[in-house]
Amino acid sequence: GIHENIQQQIKKCYNVCGVISLHDRESANMSCKELSFCWNQISKLVTCNRIERKKFNMKQNQAQMEPLLNDTISLVQSFGPRNLSSTFHKLAKIGKLCRWNISNASWIVLESEVIRISKHFDPMGTANVAWALATAKRSPAAVWTELDNTSLR
């Protein structure tokens, strides 16, 4: 189907611009899982490739990720626990490696969704979100309280 094809195309992207271009072309057809896959691929690329990381340390290149981030934020309530925790983790990692300042408004939307569905996180999801919050230097008490409650269940 179309979704297996998009996932395969994301995996074949060998640079961040490739992921961004694919999103530009296919955004209307992308599911939440595929948006999460995009962030995962971008994270892999900037982790493993110093040239990609350096390129996306520049503000004008970071701006190219905004449409993908905007789609992610607008669909976040449909992501579900696995895609949300993974995306949260990857955004924090990309933000740290590329010195990308993701807007406070975007983090607030993501954090609100974490609070709403955190009881459905598995231990890895809880760990991903905790790591991401610490990495992004985010400290909303309500999110930490919810993660504490989740980890105690």
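Keep in mind that what you see is a predicted model, and the values were worked out from it rather than measured.

A.B. asks: Tell me what's going on with the nonpolar core, and back it up with residues and numbers.
C.D. replies: Among the nonpolar cores identified, the biggest contains 40 residues, and Trp39 and Trp100 are the most heavily contacted of them. Every element with two or more residues in this core is listed here: helix H1 (2-12), helix H2 (16-26), helix H3 (32-48), helix H6 (66-75), helix H7 (80-98), helix H8 (104-117), helix H9 (123-135) and helix H10 (141-152). Looking at this core element by element, the count peaks at 7 residues for H3. Among residues more than four places away in sequence, those in contact with tryptophan 100 are Trp39, Gln62, Met65, Glu66, Leu69, Leu91, Ile94 and Gly95.

A.B. asks: Outline the pattern of salt bridges, listing residues and values.
C.D. replies: Across all of its chains, the model carries 2 salt bridges by this definition. Across the pair glutamate 111 and arginine 138 runs a salt bridge, and its minimum N-O distance is 2.7 Å. Remark: arginine 138 occurs in the loop between H9 and H10 and glutamate 111 occurs in helix H8; sequence separation between them is 27 residues.

A.B. asks: How would you summarise the environment of serine 86 if you had to cite specific residues and measurements?
C.D. replies: Position of serine 86 among the secondary structure elements: in helix H7. Sequence-wise, serine 86 and alanine 134 are 48 residues apart; in three dimensions their C-alpha atoms are separated by 15 Å.

A.B. asks: How would you summarise the packing of aromatic side chains if you had to cite specific residues and measurements?
C.D. replies: The final tally for this structure, using the stated rule, is 2 aromatic pairs. Aromatic side chains tryptophan 39 and tryptophan 100 sit 5.9 Å apart centroid to centroid with 25 degrees between the ring planes, which places their arrangement in the stacked category. Of the two residues, tryptophan 39 sits in helix H3 while tryptophan 100 sits in the loop between H7 and H8, which places them 61 residues apart along the sequence. Assigned by exposure class, tryptophan 39 and tryptophan 100 land together as buried. Each ring, one from phenylalanine 88 and one from tryptophan 107, has its centre 5.4 Å from the other, and the planes form 70 degrees; the classification is edge-to-face. Pair noted here: phenylalanine 88 is in helix H7 and tryptophan 107 is in helix H8, with a separation of 19 residues, a long-range link. Given the relative accessible area of 0%, phenylalanine 88 is considered buried. When its relative accessible area of 5% is taken as the criterion, tryptophan 107 is described as buried.

Rules used in this analysis
- Going along each chain's sequence as written, the residues are numbered from 1 onward.
- Per-residue local features are limited, in this predicted model, to residues with pLDDT of at least 70; the limit for side-chain atom pairs, both in listing and counting, is 80 or more; totals at the level of whole chains, interfaces and linings are taken over all residues.
- The basis for the side-chain values is all heavy atoms of the structure; hydrogens and waters are excluded.
- Buried Ala, Val, Leu, Ile, Met, Phe, Trp, Tyr and Cys residues form a nonpolar core when they are joined through side-chain atoms within 4.5 Å.
- Using a 1.4 Å probe on the protein chains alone, a residue whose accessible area is under 20% of its type maximum counts as buried, one over 50% counts as exposed, and one in between counts as partly exposed.
- Helix and strand labels come from DSSP, where a helix needs a run of H or I of at least four residues and a strand needs a run of E of at least two; each type is numbered from the N terminus.
- Every residue pair with non-hydrogen atoms within 4.5 Å of one another is taken to be in contact.
- Salt bridge, as used here: a side-chain nitrogen of Lys or Arg that lies within 4 Å of a carboxyl oxygen of Asp or Glu.
- What counts as a ring pair is set by centres within 6.5 Å for rings of Phe, Tyr and Trp (its six-membered ring), and what kind of pair is set by the plane angle: stacked under 30 degrees, edge-to-face over 60, tilted for all other angles.

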